[in-house]
Amino acid sequence: MVPIMSFCYGIFAKILTFCKPKKTSPTNKELHEKLFSSVCDTYTNIHIADYTSSRLLKCDQNVPPEVTQSARKIIQEEKTRKAADYFRTKIIDSQMIKNDEQTVLAIVSMLLDVISKDASISEDTKVELVTGSTKKELLTQKIFILPDFLAGLFLYAVTVDNRKGQELSSELNYENFLFYCSKGNMDLKIVNSIDDLRKSNDPVITLMPELDPIISQCNRALRDSQRKIHVYSWNELDFESVYVTPELVQMERRQKHEFPIIGIDFGSSTIAGRSISHSHFISYREYISSIYNTMPIDLMETLSKATIFHDFEVPKILSTTGKNYLNVLPETNFFRKTLGETLTSSPHASLIRELFMKDDIVYIVGGAGYGKSLFLKGLCVNPYVLYGFREKPLLIIYGDIKRMIKRDGTFRPMTDFLEECFINGSLVKPDELYPNLIVECLREKKCLVLLDALDEIGNDQREKIHHLIINYFMLQYPGNKVCITSRERGFIPHEDITWYRINPITLRDAGEYIDRFIELDKFEESEKQRFLKQAGHLINNQFVNGFLTLSLLLAIYKNEEELPANKIALYQKCFEYIAFSREQNKKLLINSYTNEPYDWKILAKFMADATFMELTQLGKGKNIDLKDTEIEKLLSELYRRSFDSTAEFKNAVQMFLQFCSNRTEVFIPASDQNTRYKFFHRSFYEYFYSEYIVFRTKSVEETYQKLFCFGVDSEAFELTAALYQQKNPNYLVDLILYVFMKMENYRIDSDIYVKTFDILIMLMQTIDDKTLIHRFIKYFLENAENISRLPLMTNFGMIYNVFRKEQKYFTKQFHSDNMSLFQKIQKLMENYLMKSIAHCGKILIDTGNIHVTFHEITSQKGIHLPLLLFLLPHPYGILMDWMKKLANKDIGNPVSILERDMDNDLCSFANFVLHSPLIKQIDVYHAILVNA
């Protein structure tokens, strides 16, 4: 009768007793003690009687409970690598068992055979707990690292019932072992370490079979370190329970060709041939009207004729500034679910699922607080949303690009930086890191590198670091997957790299976010609609764009039942909430470092705007890590006189920093040792910096210099201007007049002029002073041709915003005082078409494949003169009048510059446009304006 095959500690240990060396053979009792010491350091001090040793091998009793408990703790804390190292040095290298090739092959073959025939172990049960291999994976594996294999099986064996192996143990003998010595699986390759495997001359042997389980183990450690998220007033919550996946929009790559077409690719992202019903048309007309707000009513009415849609493809995403029309077209909503749910089951998740299917490097961009960092954190927590990740896992390396810069301003070597990111992100200590694991995975194209916050690098170093990163992964280690995040404003993508924008959140997103908290019993369902009604106004006004701001609103609403009306009020209320609520609940606030209540009388001295305003100055415009000694020195200048002694002051500073560590809403530790600190989010840093500017600078010259250190992606301009509007509007006028004066003193083609003009555009966003707006419009139109040649970092949409404040004045100036500019623009459009007749054909082809949205147009950097026509009344009529002249060969250029056949082709092109559906005409108009 064949005994029941059962794998447990007694069977594991008995197989090892068969291969003890003869000369230095340890007793069975000594072998047990050595094995148990791999998980319990003190076990060698516990006496094991010979009969206990015998009973363990016979499976008559269970493993001592202290051993089982220690093993479970090691497994839970992901410290299994220590057990494997112990087996290498104390069991194998110390000759507790023979390690010749025949013996080792027999051990592995015999253990695998027992496991394969143990019906109580399912295929998906993890039985090798160092690399985390399941029974199924183990039985198909061909390469084994012996210490990992033995330690992994040991950890499993000591945590199961040892008595289930009684029947097999009674039948298992040395003759069985000899059989495996002669008939062992010769297809297996067994080594003592990764280095041994790397040195193998066997061309068939590679690291790939062994990298996958190692990668999976490392990724589990990273997931555990990232699976909690801090949410205001609720402290830490499970990431997957509250995270709402963002809406991504794929943007057009920067191409090297001369005439880029900017827009959203239809292709597979469209609902081909779908007709638009009347109900859908109403919303689409609103979309068209939002772009052509002065379009003649007869043209708008023409849109209602269904015939114009006979060959029109509905774009998957229609969005304009401040509005989102995702809900107007059936089946076009981007799929959103929590990470814990099966994203891959929906076709609407394709942008995230297929993020790396065609590209190795991608960008994720968005505004401040849109959730770029959370998106990367989401990939750390659940990378299986990516296509093929489960079958072919990649080593996830997650880090902050700022850490590439050393204290002295030089850059870390890229490989060292990635290793540091890996250690910081996964909480794996350097001595636990496999030798050369990072390089090995890079070489094998087995890395997923998630690099956050390119925008937080200073302007002077950003481009260089960006270039280094791209070259490293394109030239030195191509084939690895890389995702880089940045704020959109001021972002310049590398040529031929795909980038995605995170769209602002919608009211629907906010509702889904609230539902998460309702499910967790953190928010009353009866309050949902009231909150959304108040939040909806802020979302529609683009005050709430991302989940960072929304979570702040939720925390404030929970305590106040009302929401602030603007960003300044939000940040003020946020800080008031942090300080005041702590004071109210000071008896409940325990310092986790001392286990004593915080002394609010001491903390109240530090928890003031002035503290954080001054802390921003240590960073000189950058949210960098600040040393605790720097912080103490600054606080000493502010508050030392409020304390009786230096020792008392130092203790107070320590309490303040400990408070910041425990309550991470504003100022948080930047290192595990709590020796460096930084602002929780760049937005908070820039808010307090703006407060410093408003309350500390005494002259417009000083204010201008403080603002000069920021790039156009900063909120500092908006926040500073808004604060001045509240506190001192006349000073803001003086500041803008000063900026005008500075521009007049600089050469228009100089770098400092470009930066100053960018600052002026940023400050003008909040201005409603008609005199200043008129001056800006007049200055711009008089210098438009020169300005259009400048490498401005602000986008056209921001300039457009200023013009729209006084659109009638703009139109008057454009037509009456700057007709030469109008003629210049028309000349550009004509030259674009006449330069090569191929452009005409390209436009006709491309307008069937692209849809240029207004948001696309306003996102372009700098000034493209033809786009100014968007601001004129009846812009569509300008095109039609021009096309009629072109069709009649009445174009204003001398015929001599044209070939006769080209002239005929232009005429044909104009006639084709005139007789095309209105949607086609609008696309032609877009294409010419964008590319002329």
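What you see is a predicted model; the values in this text were computed from it and never measured. (Residues numbered from 1 in each chain as written. Predicted model: local features only at pLDDT ≥ 70, side-chain atom pairs only at ≥ 80, totals over all residues. Heavy atoms only, no water.)

A look at the overall build of the protein chain
Link 1 in the chain: In terms of helices and strands, the protein chain carries 43 helices and 23 strands.
Link 2 in the chain: Across the 932 residues of the protein chain, 57% fall into the buried class.
Link 3 in the chain: Sequence-distant contacts, at least 24 apart, represent 75% of the contacts inside the protein chain between residues at least 6 apart. (Helix = DSSP H or I, 4+ residues; strand = E, 2+ residues; numbered from the N terminus. Buried < 20%, exposed > 50% of the residue type's maximum accessible area, 1.4 Å probe, protein only. Contact = heavy atoms within 4.5 Å.)

Observations concerning the confidence of the model for the protein chain
Link 1 in the chain: On average, residues of the protein chain score 75 in pLDDT, and 72% of them are at 70 or above.
Link 2 in the chain: Low confidence marks residues 197–209, where pLDDT is under 50. Its contacts with residues over four positions away, or in another chain, come to 20 contacts.
Link 3 in the chain: pLDDT under 50 marks residues 254–348. Its contacts with residues more than four places away, or in other chains, come to 195 contacts. (pLDDT = per-residue confidence, 0-100.)

Description of the packing of helix α33 (residues 751–763) against helix α34 (residues 770–782)
Link 1 in the chain: Taken N-terminus to C-terminus, the directions of α33 and α34 make an angle of 145°; their axes are 12 Å apart at the nearest point. Judged by the sense of rotation from one axis to the other, the crossing of α33 with α34 is left-handed. Residues Y753, F757, L760 and I761 of α33 touch α34, and the partners they reach there are F776, Y779 and F780.
Link 2 in the chain: When its residues are assigned to classes, the contact of α33 with α34 shows seven nonpolar, no polar and no charged. (Axes fitted to C-alpha atoms, helices over the stretch in contact; angles between N-to-C directions. Left-handed = near helix turned anticlockwise from the far one by under 90°. Nonpolar A, V, L, I, M, F, W, Y, C, P; charged D, E, K, R; others polar.)

A closer look at unusual backbone geometry
Link 1 in the chain: Of note in this structure, K445 is not a glycine but carries a positive phi near 60°.
Link 2 in the chain: Unlike most non-glycine residues, D521 shows phi in positive territory, near 60°.
Link 3 in the chain: Here D521 is to be found in the loop between α21 (507–519) and α22 (528–540).
Link 4 in the chain: Owing to a relative accessible area of 72%, D521 belongs among the exposed residues under this scheme.

Observations regarding the pairing of strand β14 (residues 395–400)
Link 1 in the chain: The buried count for β14 comes to six of six residues, which makes it a mostly enclosed element.
Link 2 in the chain: With burial as the criterion, each face of β14 is covered, one bearing L395, I397 and G399 and the other bearing I396, Y398 and D400.
Link 3 in the chain: Sheet topology places β14 next to strand β15 (residues 447–452); six bridges connect them, and they run parallel. Looking across to β15, one finds that D400 is bridged to D452. (Pairing = 2+ DSSP bridges.)

Brief notes about helix α31 (residues 716–727)
One turn of an α-helix holds 3.6 residues; hence residues three or four places apart share an orientation.
Link 1 in the chain: Helix length check: α31 (12 residues) gives 16 Å between terminal C-alpha atoms against 16 Å at 1.5 Å per residue, within 8%.
Link 2 in the chain: Buried residues of α31: A716, F717, L719, T720, A721, L723 and Y724, and no others. (Expected span 1.5 Å × (residues − 1).)

Topic: the side chain of T611
Link 1 in the chain: Checked against the element boundaries, T611 lands in helix α26 (residues 609–616).
Link 2 in the chain: What makes T611 buried here is its relative accessible area of 0%.
Link 3 in the chain: Side-chain polar atoms of T611 contact the side chain of Y639, separated by 2.5 Å. (Polar contact = N/O pair within 3.5 Å; in protein donor to acceptor, adjacent residues only side chain to side chain.)

A word on the sheet that holds β14
Link 1 in the chain: An order of β7-β17-β13-β16-β15-β14 is seen for the six strands of this open sheet, with the pairing classed as mixed. Of all strands in the sheet, those bounded by a partner on one side alone are β7 (248–251) and β14. Each adjacent strand pair in this sheet contributes to an overall mean axis angle of 20°, direction not counted.
Link 2 in the chain: Alignment of β7 against strand β17 (residues 498–502), held across four bridges, turns out to be antiparallel.

Some points on the sheet that holds strand β22 (residues 676–679)
Link 1 in the chain: Within the open sheet, the three strands sit side by side as β20-β22-β21. Their pairing is antiparallel. Each of the sheet's edge strands pairs with one partner strand only, and the pair in question is β20 (626–627) and β21 (667–669).
Link 2 in the chain: Where β20 lies against β22, two bridges are found, and the strand directions are antiparallel. Bridge assignment links L626 to a residue of β22, and that residue is Y677.

Some points on the pattern of salt bridges
Link 1 in the chain: Applying the stated criterion across every chain yields a total of 29 salt bridges.
Link 2 in the chain: Between K29 and E33 there is a salt bridge whose closest N-O contact spans 3.2 Å. Pair noted here: K29 and E33 are both in helix α2 (residues 28–37), with a separation of four residues, about one helical turn. An identical accessibility class is assigned to K29 and E33; each is buried.
Link 3 in the chain: Residue R487 pairs with D455 through a salt bridge whose shortest N-O separation is 3.9 Å. (Salt bridge = Lys/Arg side-chain N within 4 Å of Asp/Glu carboxyl O.)

Examining the packing of helix α5 (residues 80–92) against helix α8 (residues 146–157)
Link 1 in the chain: α8 packs onto α5 with a crossing angle of 115° between their chain directions and a minimal axis gap of 8 Å. By crossing handedness, the relation of α5 to α8 is classed as right-handed. Of the residues in α8, those touching α5 at T80, R81, A83, A84, F87, R88 and I92 are L146, P147, D148, L150, A151, F154 and L155.
Link 2 in the chain: Each residue belonging to the contact of α5 with α8 can be placed in one class, and the counts come to 10 nonpolar, one polar and three charged.

Some points on the environment of T697
Link 1 in the chain: Here T697 is to be found in the loop between α29 (682–696) and α30 (700–708).
Link 2 in the chain: On the basis of relative accessible area, T697 is assigned to the buried category, the value being 6%.
Link 3 in the chain: Once residues lying within four places of it in the same chain are set aside, the contact partners of T697 are Y692, E702, T703, K706, Y724 and Y731.
Link 4 in the chain: A distance of 2.4 Å separates a polar side-chain atom of T697 from the backbone oxygen of I693.
Link 5 in the chain: Side-chain polar atoms of T697 contact the side chain of T703, separated by 2.9 Å.

A few points about the packing of aromatic side chains
Here the distance between the centres and the angle between the planes together describe a pair of aromatic rings.
Link 1 in the chain: Under the criterion given, the structure shown has 44 aromatic pairs.
Link 2 in the chain: Seen from their ring centres, F7 and Y156 are 6.2 Å apart, and the 10° between their planes marks the pair as stacked. With F7 in the segment before α1 (9–17) and Y156 in helix α8, this pair connects stretches of sequence that are 149 residues apart. Note on accessibility: F7 and Y156 belong to one class, buried.
Link 3 in the chain: Ring geometry for Y753 and F757: centres 6.1 Å apart, planes at 10°, overall stacked. Taken together, the residues Y753 and F757, both in helix α33 and four residues apart, mark about one turn of the helix. (Phe/Tyr/Trp six-rings, centres within 6.5 Å; stacked < 30°, edge-to-face > 60°.)

A short note on helix α23 (residues 547–560)
Link 1 in the chain: With 14 residues, α23 should cover 20 Å at 1.5 Å per step; its first-to-last C-alpha distance of 19 Å lies within 8% of that length.
Link 2 in the chain: With 11 of 14 residues buried, α23 lies mostly within the body of the structure.
Link 3 in the chain: Within the sequence span of α23, burial applies to F547, L548, T549, L550, S551, L552, L553, L554, A555, I556 and Y557.

Looking at the pairing of β22
Link 1 in the chain: Here β22 shows two buried faces, one formed by R676 and K678 and the other by Y677 and F679.
Link 2 in the chain: Across three bridges, the pairing between β21 and β22 is antiparallel. Bridge pairing in β22 places F667 opposite F679.

What to know about the environment of F389
Link 1 in the chain: With respect to the helices and strands, the residue F389 is situated in the loop between α17 (372–381) and β14.
Link 2 in the chain: We classify F389 as buried; its relative accessible area is 4%.
Link 3 in the chain: Separated by 59 residues in sequence, F389 and L448 place their C-alpha atoms 10.0 Å apart.
Link 4 in the chain: Those residues within four positions of F389 in sequence are excluded, and the remaining contacts are N219, P383, Y384, L394, I396 and L448.

Considering the nonpolar core
Link 1 in the chain: Ranked by size, the top nonpolar core spans 159 residues in total, and within it F531, F667 and F757 carry the most contacts.
Link 2 in the chain: Sequence-distant contacts of F667, that is, excluding residues within four places in its chain, are made with F612, L615, L626, I631, L657, C660, Y677, K678, F679 and F680. (Core = buried A, V, L, I, M, F, W, Y, C linked by side-chain atoms within 4.5 Å.)

Brief notes about the environment of Q166
Link 1 in the chain: Looking at the secondary structure, you find Q166 in helix α9 (residues 166–171).
Link 2 in the chain: Given a relative accessible area of 38%, Q166 falls into the partly exposed group.
Link 3 in the chain: Along the primary structure Q166 and S6 are separated by 160 residues, whereas in three dimensions their C-alpha atoms are 8.6 Å apart.
Link 4 in the chain: From its side chain, Q166 meets the backbone oxygen of C59 in a polar contact 3.2 Å long.

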